[in-house]
Each structure stands twice: as C-alpha cells, then as structure tokens.
Amino acid sequence: MKRLRLGVNIDHVATIRNARGGRHPDPVRAARIAAAAGADGITAHLREDRRHISDEDIERLSREIDLPLNLEMAATDEMMAIALKHKPHAACIVPERREERTTEGGIDAAGQQKRLAPLVRELTQAGIRVSLFIEANKKQIEAAKSLYAPVIELHTGAYCDAAFAGDEAARARHLEALQEGAREAAMLGLEVHAGHGLTYDTVGPIAAISEVMELNIGHFLIGEAIFSGLDSAIRRMRAAMDESRAQAIA
C-alpha cells in the first residue's frame, strides 16, 4: 500500500483575505507553510465569481510554489483558457453553481460526456493530469473511465455530514459506497483521490481505503489554523492519515 498523499486546499485563506480586501492573509504564504508541514500538493479552486482564489493567486502559485498545483475548475471555456495558460500539474473538473456555498456533490460525468470529452482531451494533450470530482457510484466511475480521465476524486461530503450529524447508519452506508467505488475505480485502472469535508474525526476510515492515493483537505484545516496554527493543523492531519494507513496495512 503506497503512502497516502495530502493535498492542502488554500481557498479559504483567500476567503478571509477577501472579506476585508488587501493582501493579508496571503494564500501563497499558506502554501509555503503547507509544504513545510508535510503537504504533497496544493489545491486551489478558481471560481467563476472569484469568491476566494483570484487569477493573481493562480499565477503566483504557478510561479512561486514548488509543490504540484491542483487547479479545481468548472467545465467552462474561461477556466479551460486559464488552465492551458498556467499548465498546473493537475486539473480537477468540478460542478459549480454560483449560488452554492461550497461544491455540492460530484459532477455528472455520465450525463455530460459530450461536454467533458473535449475538455479532458485538450487538458491531457497539454500535459495536465485530469481528475473528475464525482460521486462514488458505478455509473459515474465508468463514465470517467470512458472519458479517459486518469484520476477520479470521490466526494466524501455526504459521509462527513452523516458523521457530524451522528447518524451512524448513514455514515456506514456512505463509507461502504466510498470503499466499493474506490475498488471499482482501481479495477478499471483509475487513480483514486478523495475529499470534501474531512476532519480529524472522519479522515481515518477514508485514509484506510487502500485504493485511495490522495486526500484533498482545506476548509477544516484553515478553520483549525485559527486555534492551533496552520503548521500544527496540517501536521496533525498528516499524522492521523499516516496512522490510519499504517493500521490498515498491519
């Protein structure tokens, strides 16, 4: 079982900055701290409305950070142009609605194949590793495979919501779906990532899924950083992931 990678999403450092304007706190500084604390990559979602990460942030991250950059993006011509300009290590295609507070569920890869196919192809040809943020169900996983996306990221939001609500039956049901989805995707030759809503309390069972190669975590870490500092929050998450992975191997 390979070492589980951690991608730190720095979107909400930019959210705090944008609440007042100016340049503080700086997402690029957060990315540097994440790198020193054990992150394997940096994730940033450039939204249509620029509610947190800005175009300048993407430019600076591309230029100033040594870690791989994972650009979360909607399937739009504007975002395609930005991705092709900056050529991040990876681009994760996510659903996006202007009125949502955060990404609500996975993209419908099965229902949007005609729209997604040329985007996946063009990004791949540009040397950008494409992932699709999807729900853990067979239909969506098979659609990702047919689109020739090498990576999927399984949406863990419903699992985390059930855990937060104390609904053990729902939590177990969503976890089983994630486990089965990861196995199905790996059998098809897809690399499996996971993320959304993960905390110290919920990361363990996801980290223990042997087929999952990377977790992307952001909002919780930025929130914890208020109390313990970003370096400490990331190191604690890294340790929780590693411990769960080690126990799964044993």
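The structure this text deals with has already been given above.
For clarity, every value in this text was computed on a predicted model and none was experimentally measured.

Caption draft 1: Structural context of the sheet that holds strand β3 (residues 69–73). Taken in spatial order, the eight strands close into a barrel running β1-β2-β3-β4-β5-β6-β7-β8, and their pairing is parallel. Geometrically, the sheet is characterised by an average inter-axis angle of 25° between neighbouring strands, direction not taken into account. As judged from the four bridges shared by strand β1 (residues 5–9) and strand β8 (residues 212–217), these two strands associate in the parallel manner. By the bridge assignment for β8, Val8 is matched with Ile217.

Caption draft 2: Here's a closer look at the pattern of salt bridges. Evaluated as defined, the whole model comprises 19 salt bridges. For Asp40, the salt bridge is made with Arg3, and the minimal N-O distance between the two is 2.9 Å. Taken together, the residues Asp40 in the loop between α2 (27–37) and β2 (41–45) and Arg3 in the segment before β1 connect sequence positions 37 residues apart. Owing to a relative accessible area of 24%, Asp40 belongs among the partly exposed residues under this scheme. For Arg3, a relative accessible area of 48% puts it in the partly exposed group. Among the ionic contacts, a cluster of salt bridges with common partners joins Asp26, Arg32, Glu59, Arg60, Arg63 and Glu64.

Rules and cut-offs
- Residues numbered from 1 in each chain as written.
- Predicted model: local features only at pLDDT ≥ 70, side-chain atom pairs only at ≥ 80, totals over all residues.
- Heavy atoms only, no water.
- Pairing = 2+ DSSP bridges.
- Helix = DSSP H or I, 4+ residues; strand = E, 2+ residues; numbered from the N terminus.
- Axes fitted to C-alpha atoms, helices over the stretch in contact; angles between N-to-C directions.
- Salt bridge = Lys/Arg side-chain N within 4 Å of Asp/Glu carboxyl O.
- Buried < 20%, exposed > 50% of the residue type's maximum accessible area, 1.4 Å probe, protein only.

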